[in-house]
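Descriptive structure summary
Residue-level listing of the chains:
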Amino acid sequence: MANILISPGKYVQGAGEMKKLGTYAASYGKKALILISAGGYKRIGKEIEESFSGVECEAVFDYFNGECSKKEIDRLCGIMKENGCDLVIGVGGGKIFDTAKAVAYYQKTPVVICPTIASTDAPCSALSVIYTDEGVFEEYLFLPANPNLVMMDTDIIAKSPVRLTVAGMGDALATYFEARACQRSDAATCAGGKCTQAAMALAKLCFDTLMEEGVKAKCALEAGVCTPAVEKVIEANTLLSGMGFESGGLAGAHAIHNGMTVLEECHPMYHGEKVAFGTITQLVLEDVSAEELEEVIDFCIEVGLPVTLGQLGVKEITEEKIMAVAKAACAENDTLHNMPFEVTPEKVYAAIMAADAYGHYFLGE
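This is a predicted model, so every value here is computed, not measured. (Residues numbered from 1 in each chain as written. Predicted model: local features only at pLDDT ≥ 70, side-chain atom pairs only at ≥ 80, totals over all residues. Heavy atoms only, no water.)

Let's talk about the layout of surface pockets
Selection criterion: Using a 1 Å grid laid over the protein atoms alone, points where a 1.4 Å probe fits but cannot get out form a cavity; open sets with protein on both sides within 12 Å along at least 5 of 7 lines form a pocket; any residue with an atom within 4 Å of a point counts as lining. Grid points are joined across faces, edges and corners, and a volume is the space filled by probe spheres set on the points. Numbering of helices and strands runs from the N terminus, with a helix taken as a DSSP run of H or I at least four residues long and a strand as a DSSP run of E at least two residues long. Polar here means any residue other than Ala, Val, Leu, Ile, Met, Phe, Trp, Tyr, Cys and Pro, which are nonpolar, and Asp, Glu, Lys and Arg, which are charged; Gly is therefore polar.
Reported here for the second largest pocket is a volume of approximately 170 Å³. If you trace the second largest pocket, you find 13 residues lining it, with Y105, T109, V111, A145 and N146 closest to the centre. Element by element, the count of residues in the lining of the second largest pocket is highest for helix 4 (residues 94-107), at 3 residues. Looking at the lining of the second largest pocket residue by residue, the class counts come to 8 nonpolar, 3 polar and 2 charged.

Listed below in structure tokens is the structure:
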């Protein structure tokens with residue numbers, strides 16, 4: 001099997017870039033379906049509309065229904081056909097991107113991704129995570145190509161709730177450890193081949209950036225400003241993590257996240273918050289050194305990522321509940337089997353419970 005690296009066609013990150021969206025869009029199509037939330041449209045809809053004035057591309061807006069499900073994808077494919085759209089633009093957060101990418105795939109059009117938050121590594125990937133209408137993980141839809149353009153307006157992202165960028169750090173935290181596990185097991189990556197040196201370097205840079213800049217970035221965002229640390233973390237959360245996870249591979253952390261979707265109590269938590277706990281659980285499964293485990297848990301505590309099941313919303317911890325998570329994480333089609341050793345629901349159950357115990361220990365509880 002070949003070593004493969006994939007990436008978005010173009011990545012743009014800077015202040016005020018949303019004002020140029022219409023100009024960017026005109027390079028890819030004549031009529032764009034812009035998928036955005038109702039709240040997102042209220043905040044920046046006018047700015048987006050103005051960016052299309054005077055350019056040879058028309059904008060058609062539609063509000064996202066809230067879940068990247070097959071039903072929502074089918075609905076939007078119908079709207080694309082009705083309006084004769086030849087381009088999809090996703091503006092907002094991770095589930096909007098995944099939906100926009102899936103719609104573009106089925107309609108065979110280009111796709112432009114414009115995050116207003118830096119909460120996941122979804123923007124750059126050739127992947128859509130499909131959920132049921134109720135929000136339970138269903139499947140990964142692997143796409144033949146990455147987005148044509150990913151555009152990050154750091155002015156807008158810096159104004160988003162700080163918790164969202166911190167959740168993005170949680171998602172990015174898994175990148176290096178999952179890529180390392182895939183490299184050790186010689187597993188195929190989401191790119192359809194083996195891990196390249198470049199992908200591992202990006203994954204490691206992602207982790208190093210979080211350790212060096214994460215706390216600084218959180219403090220700056222809480223002060224309402226965009227500093228070089230914030231810019232670096234936005235890039236780590238989005239580009240480095242996006243390319244690192246996709247061309248490096250997924251393993252335990254994301255599978256454990258997917259397992260957690262069976263617990264309704266965890267649904268209010270963000271993707272990256274659950275992935276952060278999944279990362280700690282993966283490290284327990286691997287029996288990493290005490291120093292490495294402590295570094296990761298301390299980082300999570302410093303930036304405010306959950307390190308216990310209670311912080312994830314699990315009010316009453318029972319063997320039945322956690323075993324349900326463990327069994328779902330070990331599903332045949334999930335990525336836990338990319339770990340460099342055999343993983344069973346019993347081992348995952350033990351690792352989750354131990355991770356929760358370590359979290360309480362480091363919190364001094």
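Further notes follow.
Focus on the side chain of R180
We count it as follows: By definition in these notes, contact holds between two residues if any of their heavy atoms fall within 4.5 Å.
Assignment of secondary structure puts R180 in helix 6 (residues 162-185). Contacts of R180, omitting those with residues within four sequence positions, involve M200, L283, E286, V288 and E292.

Some words on the sheet that holds strand 4 (residues 87-92)
Put simply, the rule reads: Between any two strands, at least two bridges found by DSSP are needed for them to pair. The axes are straight lines fitted to the C-alpha atoms, using for helices just the contacting stretch, and the angles between their N-to-C directions are given from 0 to 180°.
Ordered in space as 1-8-5-4-2-3, the 6 strands form an open sheet in which the pairing is parallel. At either end of the open sheet lies a strand with only one pairing partner, and these are strand 1 (11-14) and strand 3 (58-63). Direction aside, the axes of adjacent strands within the sheet are offset by 15° on average. Of the strands in this sheet, strand 1 and strand 8 (149-153) touch helix 8 (residues 228-248), which is tilted by about 155° from strand 1.

Considering unusual backbone geometry
As a reminder, the rule being used: Three labels apply to residues, based on accessible area from a 1.4 Å probe with only protein chains included: buried if under 20% of the type maximum, exposed if over 50%, partly exposed otherwise in between.
Although it is not a glycine, K108 sits at a positive phi angle of roughly 55°. The phi angle at D287 is positive, at roughly 55°, despite the residue not being glycine. Residue D287 is classed as exposed on the basis of its relative accessible area, which comes to 66%.

Brief notes about the side chain of T238
Using the following cut-off: Distance and chemistry together define a polar contact, namely a pair of N or O atoms within 3.5 Å, with one atom able to donate a hydrogen and the other to accept it when in protein, and with adjacent residues in sequence counting only for side-chain atoms on both sides.
Position of T238 relative to the elements: it lies in helix 8. A residue is classified by how much of its surface remains accessible, and T238, at 0% relative accessible area, is buried. A distance of 2.9 Å separates a polar atom in the side chain of T238 from the backbone oxygen of I234. Apart from residues no more than four positions distant in its own chain, T238 is found in contact with Y11, A118, T120, D121, P123, C124 and M152.

Looking at the pairing of strand 7 (residues 137-142)
Pairing of strand 6 (residues 127-131) with strand 7 involves 5 bridges; the strand directions are antiparallel. The partner of V129 across the bridge, within strand 7, is Y140. Taking the residues that link successive antiparallel strands as the turn, the strand 6-strand 7 hairpin has 5 residues, and the phi of G135 there is positive, at about 95°.

Comments concerning the packing of helix 9 (residues 252-260) against helix 10 (residues 271-286)
The packing of two helices is summarised by the inter-axis angle and the distance between the axes. Here is the rule we go by: When describing relative orientation, an angle under 35 degrees is termed roughly parallel and one over 145 degrees roughly antiparallel, while 65 to 115 degrees is termed roughly perpendicular and anything else oblique. Helix crossings fall into two classes, left-handed where the near helix is turned counterclockwise from the far one by less than a right angle and right-handed where it is turned clockwise.
Helix 10 packs onto helix 9 with a crossing angle of 125° between their chain directions and a minimal axis gap of 7 Å. By the criterion of interaxial angle, the relationship of helix 9 to helix 10 is oblique. Seen from above, helix 9 lies across helix 10 with right-handed handedness. In this structure, helix 9 uses G252, A253, H254, I256, H257 and M260 to contact helix 10, whose residues at the interface are H271, K274, V275, F277, G278, T279, T281, Q282 and L285. Here the contact of helix 9 with helix 10 is built from residues that sort into 6 nonpolar, 8 polar and 1 charged.

Some details on the packing of aromatic side chains
We apply this condition: By convention, a stacked pair of Phe, Tyr or Trp rings (six-membered ring in the case of Trp) has centres within 6.5 Å and planes under 30 degrees apart, an edge-to-face pair has planes over 60 apart, and any other such pair is tilted. The rule is short: NZ of Lys or CZ of Arg within 6 Å of the ring centre and within 35 degrees of the ring normal puts a charge over the ring.
This structure, assessed with the given rule, holds 10 aromatic pairs. One aromatic cluster in this structure is built from Y131, F137, Y140 and F142. Between K95 and the ring centre of Y131, over which it is positioned, the NZ or CZ distance is 4.1 Å. The lysine or arginine in question, K204, covers the ring of Y176, its NZ or CZ lying 5.8 Å from the ring centre.

Some details on the pairing of strand 2 (residues 31-36)
Note the threshold: For a crossover, the right-handed case is the one in which the path from the first strand over the helix to the second runs clockwise, viewed with the strands pointing away from the viewer.
The buried fraction of strand 2 amounts to 5 of the 6 residues, a majority that puts the element mostly inside the structure. Relative to strand 3, strand 2 runs parallel, the two being bridged by 6 bridges. Each residue of the ladder has a partner; that of K31, found in strand 3, is E58. Chirality of the crossover, the property in question, places the unit of strand 2, helix 2 (residues 38-51) and strand 3 among those that are right-handed. Summarising the sheet, strand 2 and strand 4 pair through 4 bridges and their orientation is parallel. Paired with A32 across the strands is L87, a residue of strand 4.

What to know about the pattern of salt bridges
Oppositely charged side chains are able to pair whenever their charged atoms sit close together. Filter applied, for reference: By definition here, a salt bridge exists when the distance from a side-chain nitrogen of Lys or Arg to a carboxyl oxygen of Asp or Glu is within 4 Å.
Counted under the stated rule, the structure contains 16 salt bridges. With its nearest N and O atoms 2.6 Å apart, the salt bridge here joins E67 to K95. Here E67 is found in the loop between strand 3 and helix 3 (70-83), whereas its partner K95 is found in helix 4, with 28 residues between them in sequence. Here E67 falls in the buried class, since its relative accessible area comes to 14%. For K95, a relative accessible area of 30% translates into the label partly exposed. K218 is the partner of E222 in a salt bridge, and the nearest nitrogen-oxygen pair spans 3.6 Å. Within this pair, E222 and its partner K218 are both found in helix 7 (residues 197-222), separated by 4 residues, close to a single helical turn.

Quick word on empty space enclosed by the protein
Under the counting rule described, the total for this entry stands at 1 cavity of 30 Å³ or more. Volume-wise, the largest cavity comes out at about 30 Å³. Taken together, the residues of the lining of the largest cavity sort by class into 8 nonpolar, no polar and no charged.

Regarding the environment of A276
Inspection of the secondary structure puts A276 in helix 10. The spacing of A276 and I297 is 21 residues in sequence and 9.1 Å in space, taken between C-alpha atoms.

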